[in-house]
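A structural walkthrough
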Amino acid sequence: MVSRIIPVERFDLIIFGGTGDLARRKILPGLFRRFADGQMPEGSRIIGAARSEMDQAAFQEFAEEAISSFAGSAPEDTVLKAFLDTLDYVTIDALGEDGWAELSAKMRDTAVRAFYFSVGPSLFDDLAMRLHKHNLVDPETRIVVEKPFGHDLETARALNKVLSAHFDESQIYRIDHYLGKETVQNLMAVRFGNMLFEPLWNSQYIDHVQITVAEEVGVGGRGGYYDKSGAMRDMVQNHLMQLLCLTAMEPPAKFDPDAVRDEKLKVIRALEPVEPHHIVRGQYSETGDEQGFRDDVENPKSWTESFIALKCHVQNWRWAGTPFYLRTGKRLQARDSEIIVVFKETPHSIFGMEAGGGRNELRIQLQPDEGITLKVTIKEPGPGGMRLMDVPLDMSFAETLGDHADTPDAYERLIMDVIRGNQTLFMRDDEVEAAWAWTDPIIQGWESVNDVPKPYDSYSQGPTDAALLMQRDGREWREIGA
Ligand code: NAP
């Protein structure tokens, strides 16, 4: 197999918010794994920046703990030490002038320069403004921004305006880590790298598509944020929307950032407004020792949804008549995320109804394990006539790719794409705005009628109405955690 490591240029990566939760759980461990795989070129550096008074040694200690907790297998001492040597730290307040000259003194002209804004969006304007004021930006400089990208269309537009005042769109990398998942990219490889699927990839052959992102955890320590956001803003507008786009888009002329993003944008713009009766919102209730959503967010009157299921349509030539069912929620039976493309039944069964067998399904699983399975119908082995059974053609990466299945975490891959200057897996300004333009009226719809979310038991399949949404159409969800 060809080496999977595609070298990148030497870089300086500055992590604003270098002491935060995201840096600790994802960014630093991810960078370490790239370093350990030999992908970080000699001389590259990672500089943490935040208000906390820390020196280089303290930041190295912070990173060491982060790596031992979140980087997977125990690191080799020499590799770990070499990685820690690439780290530095500057005390900076995004809202003040202290620290910027020190950061400026550490920068080099001969490396790719990337600034990761791993801080709340309210700091973006100040950070961008001060980066320019202190001459830290050149035309090749990249910035990485995190979700949430806006709370609605208006705030997303305002954020885009702030960023575009300081940077060209080609320098802005809006992360949606779902796009960094191996399987999500494999969805494109399966669709556009094979002759087998694309001729069937339309409403003539596909009955419906289900996209589920189920989490077992509740809102945890993010209650305050989540109560103002809810599942629609936190998950559907970004992650599920991106999965839908990659499933539904037309083949781009080439695998190039704007060609891919143009096609995704067309899908979002073709989405029909969703009928209120095609939406089910839910809230997990107190179950056993576990407190319910309202206690978790410390708001006894909260009407925010921790679960949403909806049916939508992409109104274009390819998809007219094929519904897309989206579902996401917290405190569900299992952590289980997948896209299932359910094909139509054969027009006529030559074996008779009693022979059994179902329909073809292409299942693209993202969590907990990544893999792709195609369900096909075959003859049940043995004598006893022609009885049919469904078997999975399993393309799960662990088996197919053997040792090479230790795929990078989404963050690692995306950060390396930033350094490479490849924006294909990052959201463009118009894409984000189009997604909000579709989402906003849906939210306003339920707000205008004071829709109360339906309660559901923790660790269940969600509210029973979500099952009815499918059953009314003669379909059913794949069981979460099955
Ligand atoms: P966090 O744990 O609250 O960390 C915030 C970081 O920003 C800290 O390093 C903090 O350090 C720094 N900071 C705060 N005010 C600052 C200022 N005025 N100047 C300079 N640095 C400042 O937040 P997080 O969870 O890491 O999240 C960071 C961003 O990523 C947020 O936008 C969040 O929505 C997004 N995100 C996070 C996750 C996740 O899993 N954590 C997932 C997706 C998206 P000091 O207090 O030392 O300044």
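Here the structure is shown first, and the text comes after it.
Structural notes, computed from the coordinates. These numbers come from a predicted model, not from an experiment.

This next bit is on a nonpolar patch on the surface. Taken together, the side chains of Ile 350, Phe 351 and Met 386 define a hydrophobic patch exposed on the protein surface, amounting to about 310 Å² of accessible area. With respect to the helices and strands, Ile 350 occurs in the loop between β11 (336–343) and β12 (361–367).

The ligand sits among 20 residues. The nearest are Thr 19, Asp 21, Arg 25, Arg 51 and Ser 52. Gly 17 is positioned with one of its backbone polar atoms (N or O) 3.4 Å from an oxygen atom of the ligand. The separation between a nitrogen atom of the ligand and a polar side-chain atom of Asp 21 is 2.7 Å. Its free accessible area being 880 Å², the ligand has 73% of it covered by the protein chains.

With that settled, the discussion passes to the environment of Leu 103. Inspection of the secondary structure puts Leu 103 in helix α4 (residues 100–106). On the basis of relative accessibility, which here comes to 0%, the residue Leu 103 falls in the buried class. In this structure the C-alpha to C-alpha distance between Leu 103 and Glu 275, which are 172 residues apart in sequence, comes to 52 Å. What Leu 103 contacts, discounting residues up to four positions off in sequence, is Ile 14, Phe 16, Ile 47, Val 90, Ile 92, Phe 115 and Leu 136.

Looking now at helix α9 (residues 257–270). With 14 residues, α9 extends 20 Å from end C-alpha to end C-alpha; this agrees with the ideal 20 Å at 1.5 Å per step. Along α9, the residues classified as buried are Ala 259, Val 260, Arg 261, Glu 263, Lys 264, Leu 265, Val 267, Ile 268 and Ala 270. Contacts made by the buried residues of α9 are with α8 (223–248), β9 (307–313) and α13 (429–448). With a side-chain oxygen positioned 3.1 Å from the backbone nitrogen of Asp 258, the residue opening α9 is Asp 256.

Given a rise of 1.5 Å per residue, 15 residues ought to cover 21 Å, and the 21 Å separating the end C-alpha atoms of helix α2 (residues 56–70) matches this to within 8%. All of the buried residues in α2 are Phe 59, Gln 60, Phe 62, Ala 63, Ala 66 and Ile 67. Projected onto a plane normal to the axis of α2, the buried residues spread over an arc of 160 degrees and lie on a single side. In α2, the exposed positions angled more than 90 degrees off the buried face are occupied by Glu 61 and Ser 68. In this structure, the buried side of α2 is in contact with α1 (21–36), β2 (45–50), α3 (77–84) and β3 (87–91). Positioned one or two residues after α2, Gly 72 has a phi angle of 95 degrees, which is positive.

What follows is about unusual backbone geometry. A cis amide bond, omega 5 degrees, links Lys 147 with the succeeding residue Pro 148. Tracing the backbone through its elements, the reader meets Pro 148 in the loop between β5 (142–145) and α6 (153–166). Along the chain, Gln 367 connects to Pro 368 via a cis peptide bond; the corresponding omega equals 0 degrees. You can see Pro 368 is positioned in the loop between β12 and β13 (371–379). One non-glycine residue, Asn 450, adopts positive backbone phi at about 50 degrees. Take Asn 450: it is sitting in the loop between α13 and β15 (454–457). Of note in the backbone geometry, Tyr 459 takes a positive phi value of approximately 60 degrees without being a glycine.

As a packed pair, α1 and α2 sit with axes 8 Å apart at the nearest point and diverge in direction by 90 degrees. When the axes of α1 and α2 are compared, the pair comes out roughly perpendicular. On the side of α1, the interface is formed by Arg 24, Arg 25, Leu 28, Pro 29 and Phe 32, while α2 contributes Phe 59, Phe 62, Ala 63, Glu 65, Ala 66, Ile 67, Ser 69 and Phe 70. When its residues are assigned to classes, the contact of α1 with α2 shows 9 nonpolar, 1 polar and 3 charged.

With that settled, consider the pattern of salt bridges. Under the definition given, this model contains 44 salt bridges. A salt bridge links Asp 21 to Arg 25; the shortest N-O distance between them is 3.1 Å. Pair noted here: Asp 21 and Arg 25 are both in helix α1, with a separation of 4 residues, about one helical turn. Taking relative accessible area as the criterion, Asp 21 reaches 46% and is therefore assigned partly exposed. What makes Arg 25 partly exposed here is its relative accessible area of 35%. In this structure, the salt-bridge partner of Lys 133 is Glu 97, at a minimum N-O distance of 3.0 Å. Linking Lys 133 in helix α5 (residues 124–133) with Glu 97 in the loop between β3 and α4, this pair joins segments that are 36 residues apart in sequence.

Turning our attention to the sheet that holds strand β1 (residues 11–16). Where strands meet in a sheet, backbone hydrogen bonds hold them as pairs that are either parallel or antiparallel. What the 6 strands build is an open sheet, ordered β3-β2-β1-β4-β5-β6; its pairing is parallel. Strand pairing shows two members of the sheet lacking a second neighbour, β3 and β6 (172–174), which therefore form its edges. The sheet shows a mean angle of 20 degrees between the axes of neighbouring strands, taken without regard to direction. Both β5 and β6 contribute to a ladder of 3 bridges, which runs parallel. Among the inter-strand pairings, Val 144 is bridged to a residue of β6, identified as Tyr 173. The strands that α5 touches are β1, β4 (112–117) and β5; relative to β4, the one it contacts most, it runs at about 155 degrees.

In this section: the nonpolar core. One finds Phe 83, Tyr 116, Leu 244, Leu 362 and Trp 438 to be the most contacted residues of the largest nonpolar core, which totals 111 residues. The dominant element in this core, judged by the number of residues it contributes, is α8, at 12 residues. Each of two domains, domain 1 (11–146) and domain 2 (179–404 + 428–471), supplies a minimum of three residues to this core. Sequence-distant contacts of Leu 362, that is, excluding residues within four places in its chain, are made with Val 190, Phe 197, Trp 201, Ile 339, Ile 340, Val 341, Phe 343, Ile 372, Thr 373 and Leu 374. Counting 29 residues, the second-largest nonpolar core is a separate cluster that includes Leu 127, Phe 149, Ala 156 and Leu 163.

In this section: the pairing of strand β7 (residues 206–214). Burial analysis of β7 places 9 of its 9 residues in the buried class, the great majority of the element. Where β7 meets strand β10 (residues 323–329), 6 bridges bridge the pair, whose relative direction is parallel. Bridged to Ala 214 within β10 is Gly 329.

Here is what the cut-offs are and how they apply
Residues numbered from 1 in each chain as written. Predicted model: local features only at pLDDT ≥ 70, side-chain atom pairs only at ≥ 80, totals over all residues. Heavy atoms only, no water. Patch = residues over 30% accessible without salt bridge, like charges linked within 9 Å, V, L, I, M, F, W, Y side chains within 5 Å. Areas by Shrake-Rupley, 256 points an atom, 1.4 Å probe, with all protein chains shown as cover. Salt bridge = Lys/Arg side-chain N within 4 Å of Asp/Glu carboxyl O. Helix = DSSP H or I, 4+ residues; strand = E, 2+ residues; numbered from the N terminus. Near = heavy atom within 4 Å. Polar contact = N/O pair within 3.5 Å; in protein donor to acceptor, adjacent residues only side chain to side chain. Buried < 20%, exposed > 50% of the residue type's maximum accessible area, 1.4 Å probe, protein only. Contact = heavy atoms within 4.5 Å. Expected span 1.5 Å × (residues − 1). Arc of directions from axis to C-beta. Axes fitted to C-alpha atoms, helices over the stretch in contact; angles between N-to-C directions. Parallel < 35°, antiparallel > 145°, perpendicular 65-115°, else oblique. Nonpolar A, V, L, I, M, F, W, Y, C, P; charged D, E, K, R; others polar. Pairing = 2+ DSSP bridges. Core = buried A, V, L, I, M, F, W, Y, C linked by side-chain atoms within 4.5 Å. Domains from an automatic or database assignment.

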